[in-house]
Amino acid sequence: MQAVDKSLTNGTAYVSNYVTVTGLEPNTTYYYTVERNGVQGEVRSYTTGDFSSAKILYVGDPQIGASKGQPQGSDTLKANSGVANTAACNDSYAWDRTLSIAYGANPDLNFIISAGDQVNKTGKAKEEEYAGYLGASALQYLPVATTIGNHDSLNPDYTYHFNNPNTTDNGLTEAGGDYYYSYGEGLFIVLNTNNYNCAEHEETVKEAVASDPTAKWRVVTFHQDIYGSGLDHSDTDGMILRTQLTPIFDKYDIDVVLQGHDHTYSRSKLLYGDGQTHQSYEFRLNEKKTDYDWDNAYNVTTSEKIPLDPEDAEGKAAKSEFTADNKCYTIESTQGNTVTNPKGTLYLSANSASGSKYYELIATQQDYIAARSQNWLQSYSVINMTANSFSVETYQITDEGTIEKIDDTFTIIKQ
């Protein structure tokens, strides 16, 4: 039990409680209840699957509360505190709808991977947003492995709501750091890339691989989309860690990277590093320490400030050099949507699972992107993982609630 900082709950006193359950058996149903303020809740159930395989729901950026300013009748959605946060109410409903539809179509799901930005308010009290995120009915029955997004990262609120396994002191922000876990044939490594110290992230990858060296699949999740295709992020702040992380993923044979941040869907080609020496880049906090300075990247070694939307000739030259330096990848030559024993890493970027906020696709599809989509509809991906195959299918949900596939099934085979 942990006392919650009252400044994050508008002065109301709360405590945060964690329970760790061990010794679960495969294909077994367990029952649990939650006691709150002395009142026993109704009985819920959780059914484990076959641990030799896994079926995973992968989602991006629920960002409960991000629909603020959007029209609602004659008014607009507000991001005020508590019940006055009508944007959080709107997005919570849509998030619950997405999970319910996805779970209804895939009742054999084992767990959910959320690629960051569970909530919207950066560095502020946001209990109503976390309540909306965690209030989704499917989360009574499905575990969720969350990732720290930039909107989650700047206060300890995240740590009060999620009990992550194998936590490390690497990649720390106020919201916590990197962690990892194994499920079935997969090793899953979750990085807090709001901390730009990639030497620490490599230590996490190294520790995780040592914990499960025979895992058939190595999957990394982090928030920023170093290989995405959205207009707002992919060619600016999204690729900020590309030159540093790509060689690490090559070194430790990472098969798949799951990303968020981009609010569009994309699937990369299989990529690996170009073997050249590149500069390292990072973001820094603004002067008030209330958010990141999204207008400028910084060279880690020289501290040169690189404007991402430059106006003068000097700034444009620095941005051009930054962009060219980030062309640090090689595209593996493959045919079709089933590949066997390939070289390189597959990168996926998830669109918004709640529809709270969408971005345009960048005008020209990058050479490293195999498929992408933005239809202004909530979407999700389903991952099927066995000892020999890793496949991904991606769907969108229409306004009428029907499910439509938006990309071909992509499968990696290991022999």
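Everything below is about the structure printed above this text.
Being a predicted model, the structure only gives us computed values, none of them experimental.

This brings us to the packing of helix α4 (residues 198-211) against helix α5 (residues 242-251). Running from N to C, α4 and α5 point in directions that differ by 20 degrees, and their axes come no closer than 10 Å. Classified by the angle their axes make, α4 and α5 are roughly parallel. Crossing hand, α4 versus α5: right-handed. The residues of α5 that touch α4, namely those facing Cys 198, Glu 202 and Val 205, are Gln 244, Leu 245, Ile 248 and Lys 251. Of the residues belonging to the contact of α4 with α5, the class tally is 4 nonpolar, 1 polar and 2 charged.

We now examine the nonpolar core. Counting 55 residues, the largest nonpolar core has Leu 57 and Phe 188 as its most contacted members. Excluding residues within four positions of it along the chain, Phe 188 makes contact with Ile 56, Phe 111, Ile 113, Tyr 179, Tyr 180, Tyr 181, Tyr 183, Val 219 and Met 385. Among the nonpolar cores identified, the runner-up in size contains 36 residues, and Leu 241, Phe 249, Tyr 252 and Phe 322 belong to it.

Judged by how many residues are buried, strand β26 (residues 389-397) sits mostly within the fold: 8 of 9 residues are covered. Summarising the sheet, strand β25 (residues 379-385) and β26 pair through 7 bridges and their orientation is antiparallel. Each residue of the ladder has a partner; that of Ser 379, found in β26, is Gln 396. In textbook terms, the turn of a hairpin is the stretch between consecutive antiparallel strands, and for β25 and β26 this stretch comprises 3 residues. Pairing geometry for β26 and strand β28 (residues 410-413), over 4 bridges, is antiparallel. Considered in β28, the bridge of Val 392 is made with Phe 410. Bridge analysis of β26 against strand β27 (residues 403-405) gives 3 bridges, and the strand direction is antiparallel.

Take Thr 411: it is sitting in strand β28. Exposure remark for Thr 411: the relative accessible area of 12% places this residue in the buried category. Those residues in contact with Thr 411 that lie beyond four places of it in its chain are Asn 337, Thr 338, Val 339, Ser 389, Phe 390 and Ser 391.

Take the sheet that holds strand β16 (residues 265-268) next. Taken together, 7 strands build an open sheet; the order of strands is β12-β13-β14-β15-β23-β16-β24 and the sheet is mixed. Each edge of the open sheet carries a strand with a single partner, namely β12 (179-183) and β24 (369-373). On average, adjacent strands in this sheet sit at an angle of 15 degrees to one another, irrespective of strand direction. Bridging between strand β13 (residues 186-190) and strand β14 (residues 217-221) involves 5 bridges; their strand directions are parallel. Bridge pairing links Val 190 to Thr 221 in β14. Each of β12, β13 and β14 is contacted by α4, which is oriented at about 160 degrees to β13, the strand it contacts most.

A word on the packing of helix α1 (residues 86-105) against helix α2 (residues 127-134). Look at α1 against α2: their axes get within 8 Å of each other, and the N-to-C directions meet at 15 degrees. For the element pair α1 / α2, the angle class is roughly parallel. Helix-helix and strand crossings are classified by hand; for α1 and α2 the assignment is right-handed. Residues Ala 88, Ser 92 and Trp 95 of α1 lie in contact with α2, whose contacting residues are Glu 128, Glu 129, Gly 132 and Tyr 133. Of the residues belonging to the contact of α1 with α2, the class tally is 3 nonpolar, 2 polar and 2 charged.

In this section: the packing of aromatic side chains. In this description, an aromatic ring pair is defined by two values, namely the gap between the centres and the angle between the planes. Applying the stated criterion across every chain yields a total of 23 aromatic pairs. Considering the side-chain rings of Phe 51 and Tyr 183, the 5.9 Å spacing of their centres and the 70 degrees angle between planes classify their relative orientation as edge-to-face. Of this pair, Phe 51 sits in the loop between β6 (44-47) and β7 (54-59) while Tyr 183 sits in strand β12; the two residues are 132 residues apart in sequence, bridging distant segments of the chain. Looking at Phe 51, the relative accessible area reads 31%, which means it is partly exposed. Judged by relative accessible area, which is 14%, Tyr 183 ranks as buried. Over the ring of Tyr 272 we find Lys 343; its NZ or CZ atom is 4.0 Å from the centre of that ring. Sitting over the face of the ring of Trp 217, Lys 414 holds its NZ or CZ atom 4.6 Å from the ring centroid.

The rules behind each value
Residues numbered from 1 in each chain as written. Predicted model: local features only at pLDDT ≥ 70, side-chain atom pairs only at ≥ 80, totals over all residues. Heavy atoms only, no water. Axes fitted to C-alpha atoms, helices over the stretch in contact; angles between N-to-C directions. Helix = DSSP H or I, 4+ residues; strand = E, 2+ residues; numbered from the N terminus. Parallel < 35°, antiparallel > 145°, perpendicular 65-115°, else oblique. Left-handed = near helix turned anticlockwise from the far one by under 90°. Contact = heavy atoms within 4.5 Å. Nonpolar A, V, L, I, M, F, W, Y, C, P; charged D, E, K, R; others polar. Core = buried A, V, L, I, M, F, W, Y, C linked by side-chain atoms within 4.5 Å. Buried < 20%, exposed > 50% of the residue type's maximum accessible area, 1.4 Å probe, protein only. Pairing = 2+ DSSP bridges. Phe/Tyr/Trp six-rings, centres within 6.5 Å; stacked < 30°, edge-to-face > 60°. Lys NZ or Arg CZ within 6 Å of the ring centre and 35° of its normal.

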